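What follows is the residue order along each chain.
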Amino acid sequence: MEKEDVEITDWYRILFGEAPPEILIEVSIRAIILYISLVFVVRLLGKRTNSILTITERAVFITLGAIVAMPMHGPAHGIIIGMVVLLTVMILQRSLTRSFFISKKWEKLMQGSVATLIKDTVIDVKQIEKHSISRQQLFELLREKEIRHLGQVKRAYIEASGTVSIYKYKEPKPGLSILPQKDIDIIILKDEKHSVCSWCGTIVDKNHSAECPNCRHQHWVEPSKEFLKDG
C-alpha cells in the first residue's frame, strides 16, 4: 500500500482491511472449527494441563496459540494444515512426557529440577540469583503462605514448574522479618539478644559487627521472634 492510499477517514479499510465484508463469515467458521479442535487437543493432552504447567507444557500452549492464529483469520491459510499441526504437537508432547519415565537425566534436562531457596531460616543467595528471583519476589511468595519472618521457614523449595513449596518449623525461631517496615513493630516482637543479616537472614550474636559469613553483607538488624497478635 502506497502512502497516498492511506486515508484516516477510510472506515471501510480500517474495519475490513482489503478483504470483502463476506470474509467475516469465513473467519467465524474458521474460529469455531479451530476452537473445537484446540479444545479437543487440550483434552487429549491430559488433566495436567489444567493445573500448574511444567516448562514443556507451557511451551506447548504458547505453540498452540501461534498455530491457530493464522488459519483462524487468514484466508490464504487452510484450516486442515492448522489441525494437522495441532495433532502433531499433541503427539510430540505425549511422547515427550512418556520419555521422562525412561530417563531421569532427560527429564531433568527438559523439565528442570527442584532447588532450595531457604534452608534453616537462611536464604541461599546463590540459588535465588541463579533462578533470577529477587528478594522482594521471594518475600511476596512467602507472605502469600502467611510467613511473617524467616524464623518460621525450615525449607523453601522452588519446583521445576516455578512454584514455591514451604515447610515450616512447629516452633518458629528468630528470623529476618519479611513484612513491610511500617508493619513490623505492630505485628512482631524483636529478639534483642541477636542480630540478623538484612540480606540473607543469617543469625549471629548481638555484638557481631563484621561482614555476614554467608553473603558478605554488613547490614544487621534485630531479628523477629514472636507475633504481637494473630492476623
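Details of the structure are given in the entry above.
(A) Representation of the pattern of salt bridges. Inspection of every chain in the model, using the stated rule, returns 3 salt bridges. Put simply, arginine 155 and aspartate 120 hold a salt bridge, and the shortest N to O gap is 2.8 Å. Taken together, the residues span a long stretch of sequence, with arginine 155 in strand β3 (residues 153-158) and aspartate 120 in the loop between β1 (115-119) and β2 (122-123) at a distance of 35 residues. Residues arginine 216 and glutamate 211 are paired through a salt bridge, measuring 3.2 Å at the closest nitrogen-oxygen approach.

(B) Spatial organisation of the nonpolar core. Membership of the largest hydrophobic core comes to 26 residues, with the highest contact counts inside it found for Leu117, Ile118, Ile123, Leu138 and Leu142. Counting residues per element, the ones that place at least two in this core are β1, α6 (125-130), α7 (135-144), β3, β4 (164-168) and β6 (194-197). Every residue in contact with leucine 142, bar those within four places of it in the chain, is listed here: Ile118, Ile147, Leu150, Ile166 and Ile178. Of all hydrophobic cores here, the second largest spans 9 residues; its members include Val41, Leu64, Leu86 and Met90.

(C) Just the sheet that holds strand β8 (residues 220-221), in detail. An order of β7-β6-β8 is seen for the 3 strands of this open sheet, with the pairing classed as antiparallel. The sheet is open, and its two edges are formed by β7 (203-205) and β8, each paired on a single side.

(D) Representation of the packing of aromatic side chains within the structure. Under the counting rule described, the total for this entry stands at 1 aromatic pair. A centroid spacing of 6.1 Å and a plane angle of 75° characterise the contact between tyrosine 157 and tyrosine 167, whose relative ring orientation is edge-to-face. Taken together, the residues span a long stretch of sequence, with tyrosine 157 in strand β3 and tyrosine 167 in strand β4 at a distance of 10 residues. According to the relative accessible area criterion, tyrosine 157 is partly exposed, its value standing at 23%.

Cut-offs applied
- For every chain, the first residue of the written sequence is number 1, and numbering continues from 1 along that sequence.
- Where local features are concerned, this predicted model is filtered to residues with pLDDT of at least 70; where side-chain atom pairs are given and counted, the filter is 80 or more; whole-chain, interface and lining totals use all residues.
- Computation of side-chain values: all heavy atoms of the structure, hydrogens and water removed.
- For salt bridges, the criterion is a side-chain nitrogen of Lys or Arg within 4 Å of an Asp or Glu carboxyl oxygen.
- Numbering of helices and strands starts at the N terminus; helices are DSSP runs of H or I of at least 4 residues and strands are runs of E of at least 2.
- By nonpolar core is meant a set of buried Ala, Val, Leu, Ile, Met, Phe, Trp, Tyr and Cys residues that side-chain atoms within 4.5 Å join together.
- Residue burial is assigned from relative accessible area. The probe radius is 1.4 Å, only protein chains are included, and a residue is buried under 20% of its type maximum, exposed over 50%, and partly exposed in between.
- Contacts were defined at the residue level, with two residues in contact if any of their heavy atoms lie within 4.5 Å.
- The pairing criterion for strands is at least two bridges between them, as found by DSSP.
- Within 6.5 Å between ring centres, the rings of Phe, Tyr and Trp (the latter by its six-membered ring) count as paired, and their orientation is classed by plane angle as stacked under 30 degrees, edge-to-face over 60, tilted in between.

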